[in-house]
Amino acid sequence: MTTTAALVCDGCGQNASPEHIARRLQRLEWTTRYRPVHINTLLLGAFSPQEEKDFLYAPGGDFHGEAVLLMDAVEISTAGKGAEAVHAEFQRAGFFLTHMLECPLGGDSGQGADGAAMLAQRLQPVATRIRRSLKPKRVVLISRALGPILEKILALELGCSVVLDNGKPFEFDGAAPGNSVTRLREALAAPAGD
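A brief report on the enclosed structure follows. (Residues numbered from 1 in each chain as written. Predicted model: local features only at pLDDT ≥ 70, side-chain atom pairs only at ≥ 80, totals over all residues. Heavy atoms only, no water.)

**Thoughts on the pattern of salt bridges**
Spelled out, the test is: Salt bridge criterion: a side-chain nitrogen from Lys or Arg within 4 Å of a carboxyl oxygen from Asp or Glu. Helix numbers and strand numbers start at the N terminus; a helix is a DSSP run of H or I with at least 4 residues, a strand a run of E with at least 2. Relative accessible area decides the class of each residue, using a 1.4 Å probe on protein chains only: under 20% of the type maximum gives buried, over 50% gives exposed, and in between gives partly exposed.
Under the definition given, this model contains 7 salt bridges. Between R24 and E102 there is a salt bridge, and its shortest N-O distance comes to 2.8 Å. Pair noted here: R24 is in helix α1 (residues 18-33) and E102 is in the loop between β4 (95-101) and α4 (115-134), with a separation of 78 residues, a long-range link. You can call R24 buried: its relative accessible area is 8%. Between D72 and R185 there is a salt bridge; the shortest N-O distance is 2.8 Å. One end of the pair, D72, is in helix α2 (residues 65-73); the other, R185, is in helix α6 (residues 177-188), with 113 residues separating them in the sequence. A single network of salt bridges, built from pairs that share partners, joins D10, R24, E102 and R129.

**Focus on the pairing of strand β3 (residues 41-47)**
For clarity, the threshold we go by: For two strands to pair, DSSP has to find at least two bridges joining them.
With 7 of 7 residues buried, β3 is to be regarded as a mostly interior element. Note: β3 against β4, 6 bridges, orientation parallel. By the bridge assignment for β4, L42 is matched with F96. Note that β3 and strand β5 (residues 138-141) share 4 bridges and pair parallel. Among the inter-strand pairings, L43 is bridged to a residue of β5, identified as V140.

**Observations concerning the sheet that holds β4**
Neighbouring strands of a sheet are bound in pairs by backbone hydrogen bonds; such pairs are parallel or else antiparallel. Heads up, the rule is: Between N-to-C directions, angles span 0 to 180 degrees; the directions come from axes that are lines fitted to C-alpha atoms, helices contributing only their stretch in contact. It only takes one pair of heavy atoms within 4.5 Å for two residues to be counted as in contact.
Strand order in the open sheet formed by 4 strands is β4-β3-β5-β6, with parallel pairing between adjacent strands. Bordering the open sheet on either side are β4 and β6 (161-163), each of which pairs with just one other strand. Direction aside, neighbouring strands of the sheet carry axes that sit 30 degrees apart on average. Packed on one face of the sheet, α4 meets β3, β4 and β5 and runs near 140 degrees to β4.

**So, the nonpolar core**
How we decide: Buried Ala, Val, Leu, Ile, Met, Phe, Trp, Tyr and Cys residues form a nonpolar core when they are joined through side-chain atoms within 4.5 Å.
Within the largest apolar cluster, 56 residues are counted, with the highest numbers of intra-cluster contacts made by L43, L56, Y57, F90, M100, F172 and L184. For this core, the elements supplying multiple residues, two or more each, are β3, α2, α3 (83-92), β4, α4, β5, α5 (150-155) and α6. In terms of residues, this core owes the most to one element, α4, which gives 7 residues. If we skip the residues at most four places from it in the chain, L43 touches L70, F90, F95, F96, L97, T98, V140, I142 and L184.

**Focus: α2**
Along α2, the residues that are buried comprise E66, A67, L69, L70, M71 and A73. For α2, the secondary structure elements touched by its buried residues are β3, α3, β4 and α6. Of the residues one or two after α2, E75 is the one with positive phi, at around 60 degrees.

**Points about the environment of V126**
Along the chain, V126 turns up in helix α4. V126 sits in the buried class, given a relative accessible area of 11%. Separated by 45 residues in the primary sequence, V126 and E171 place their C-alpha atoms 20 Å from one another.

**A few points about α1**
Inclusion rule: Here the expected span of a helix is defined as 1.5 Å times the quantity of residues minus one. Each direction from the helix axis to a C-beta atom contributes to the arc, which is the arc of those directions.
With 16 residues, α1 should reach 22 Å at 1.5 Å per residue; the first-to-last C-alpha distance of 23 Å fits that figure. Where α1 is concerned, the buried positions are H20, R24, R27, W30 and T31. For α1, the angular spread of the buried residues around the axis is 125 degrees, confining them to a single face. Across α1 from its buried face, at more than 90 degrees, point the exposed residues P18, E29, T32 and R33.

**Digging into the packing of aromatic side chains**
For the record, the criterion: Only the six-membered ring of Trp is used, alongside the rings of Phe and Tyr, when aromatic pairs are assigned; centres must lie within 6.5 Å, and planes under 30 degrees apart are stacked while those over 60 apart are edge-to-face, with the rest tilted. Placement of a charge over a ring requires the Lys NZ or Arg CZ to be within 6 Å of the ring centre, with the centre-to-atom vector within 35 degrees of the ring normal.
In total, this model carries 5 aromatic pairs according to the counting rule given. On the numbers, 5.4 Å between centres and 25 degrees between planes, the contact of F90 with F95 is stacked. Of the two residues examined, F90 and F95, each falls in the buried class. A cation over an aromatic ring shows up here: R27 above the ring of F55, its NZ or CZ 4.6 Å from the ring centre.

Take a look at the structure:
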């Protein structure tokens, strides 16, 4: 009789199928390719997008959802450019996008609907990664789903400033993300560290 040990995903901390792990590793490969050596601005979302086409670092060439909102906010045009050129421009500008849970909420991972509890569990590993590995000049919270744990995030010693939208995360996952895009564009105009 054989027993199978449950795989734990290092991107979301949940028990995961081999398919979930494979999808996580693919996204990690895409992301790592465009990580700046020196990160000026770390854009931090709650959950990686469910659809590959919405994932900023996907190689497809079309940008949708969160990806197109971010390009608009950082004022990088995607018109007439391939995905690789857009990703390289984002990288050269010192931007890097990551998520508290680097896997989509739900879907093939079997994750429950209690997103806030899952995010709270990932606080320390994400904070450690930000301090020791990423070392950005500033962190911008881009998901309203981070609202329930905002005070805990602010209490962490990240080693850099945290940029908010009037005291709350920018709501790229909200009902009117265009307003957050405009306000984030204004916030990014200020030098990092202010």
